[in-house]
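If you want the building blocks of each chain, they are given just below.
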Amino acid sequence: MHELIKKRRSPLAFSSQMIEQDQLDIIFEAGIWAASCFNEQPWRFIYATKDNEAEYNNILDCIVPGNQEWAQKAPILMITVAKTNFTQFDDPNVHAWHDVGMAMGNMSIQAISMDIYIHQMGGFISEKAIENLNIPDGYEPVAAVAMGYLGDPHELSDALRDRALSERTRKPFEELIFKDKWPE
């Protein structure tokens, strides 16, 4: 397995060090090159940098309090968005969320190759994102994202520090991968 895949993680401790715009552009470019159904490219990314306080707080306000506690340290916050219908024939694109995930997968691996970390979270309020960020009809928020360089987990609260320092685990292969058919 590639070392970048092994290195990828979703940290809770972020450094305040800002990501340079050219580095951020490379990460977004990696997302743009993801595969998508009918090459629809249904992903949209709304991001704010910590040095633009009002815009940053607009996104932070969409994140649930338990995630705000650690996410507010990240220099970049983002909401990923899916275009819900195909452009070509205006039918629902049931693969849009999958495709947004593909783009985020590309971005995560590109970011980790630059020692930048991405933490995606479902703990956000979709309706608030739509309102705060002016997301139009036909688009749905998918996830909130914190992005930045690693910080010191010892600066986190006790509960978060324990989570941040715990060993990464994955379910067993045989629980997730089935050959030929679903097991009985």
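If you're wondering where the values come from, they're calculated on a predicted model, not measured in any experiment. (Residues numbered from 1 in each chain as written. Predicted model: local features only at pLDDT ≥ 70, side-chain atom pairs only at ≥ 80, totals over all residues. Heavy atoms only, no water.)

A. Examining the overall build of the protein chain more closely. Secondary structure summary: the protein chain contains 8 helices and 4 strands in total. For 184 residues, the compact-globule formula gives about 16 Å, and the C-alpha radius of gyration of the protein chain, at 17 Å, lands near that figure. Counting every position in the protein chain, which comprises 184 residues, the buried fraction comes to 39%. Partitioning the intrachain contacts of the protein chain with sequence separation of at least 6 by distance along the chain shows that 76% fall at a separation of at least 24. Total accessible area on the protein chain is roughly 11,000 Å²; 51% of this is exposed by carbon and sulfur atoms. Computed over 16 positive and 28 negative side-chain charges, the separation of the two mean positions in the protein chain equals 7 Å. (Helix = DSSP H or I, 4+ residues; strand = E, 2+ residues; numbered from the N terminus. Rg over C-alpha atoms; globule rule 2.2 N^0.38 Å. Buried < 20%, exposed > 50% of the residue type's maximum accessible area, 1.4 Å probe, protein only. Contact = heavy atoms within 4.5 Å. Areas by Shrake-Rupley, 256 points an atom, 1.4 Å probe, with all protein chains shown as cover. Lys, Arg positive; Asp, Glu negative; His and termini not counted. Charge placed at Lys NZ, Arg CZ, Asp CG, Glu CD.)

B. Inspection of the pattern of salt bridges at higher detail. By the definition in use, this model includes 7 salt bridges. Between glutamate 40 and lysine 83 there is a salt bridge; the shortest N-O distance is 3.8 Å. Here glutamate 40 is found in the loop between helix 2 (21-32) and strand 1 (43-49), whereas its partner lysine 83 is found in strand 2 (residues 76-83), with 43 residues between them in sequence. Ionic pairing is found between lysine 181 and glutamate 184, a salt bridge with its closest N-O pair at 3.6 Å. (Salt bridge = Lys/Arg side-chain N within 4 Å of Asp/Glu carboxyl O.)

C. View of the packing of aromatic side chains. For the structure on display, the rule yields 7 aromatic pairs. Between phenylalanine 28 and tyrosine 47, the ring centres sit 5.0 Å apart and the planes meet at 40 degrees, which makes this aromatic pair tilted. Here phenylalanine 28 is found in helix 2, whereas its partner tyrosine 47 is found in strand 1, with 19 residues between them in sequence. Here a set of aromatic residues connected by ring pairs shows up, and it is made of Phe28, Phe45 and Tyr47. (Phe/Tyr/Trp six-rings, centres within 6.5 Å; stacked < 30°, edge-to-face > 60°.)

D. Region of interest: unusual backbone geometry. Of note, aspartate 90 is a non-glycine position whose phi angle comes to about 55 degrees, a positive value. Inspection of the secondary structure puts aspartate 90 in the loop between strand 2 and helix 5 (96-113). We classify aspartate 90 as exposed; its relative accessible area is 53%. The phi angle at asparagine 134 is positive, at roughly 60 degrees, despite the residue not being glycine.

E. Representation of the side chain of asparagine 93 within the structure. Following the sequence through the fold, asparagine 93 ends up in the loop between strand 2 and helix 5. Dropping the residues within four chain positions of it, asparagine 93 is found in contact with Glu40, Pro42, Lys83, Thr84, Asn85, Phe86 and Asp99.

F. A look at the packing of helix 2 against helix 5. The geometry of helix 2 relative to helix 5 is characterised by a closest axis approach of 7 Å and an angle of 145 degrees between their N-to-C directions. Like other packed secondary-structure pairs, helix 2 and helix 5 cross with a definite hand, here right-handed. Contacts between helix 2 and helix 5 involve Ile26, Ile27, Phe28, Ala30 and Gly31 from the first element and Ala103, Asn106, Met107, Gln110 and Ala111 from the second. For the contact of helix 2 with helix 5, the per-class residue count stands at 7 nonpolar, 3 polar and no charged. (Axes fitted to C-alpha atoms, helices over the stretch in contact; angles between N-to-C directions. Left-handed = near helix turned anticlockwise from the far one by under 90°. Nonpolar A, V, L, I, M, F, W, Y, C, P; charged D, E, K, R; others polar.)

G. Quick peek at the sheet that holds strand 2. One open sheet accounts for 4 strands, arranged 1-2-4-3; its pairing is antiparallel. The sheet terminates laterally at strand 1 and strand 3 (117-121), the two strands that pair on one side only. Adjacent strand axes in the sheet meet at a mean angle of 25 degrees when their direction is disregarded. Sheet analysis places strand 3 next to strand 4 (residues 139-148), joined by 5 bridges and oriented antiparallel. The residue bridging isoleucine 118 from the neighbouring strand is methionine 147, located in strand 4. (Pairing = 2+ DSSP bridges.)

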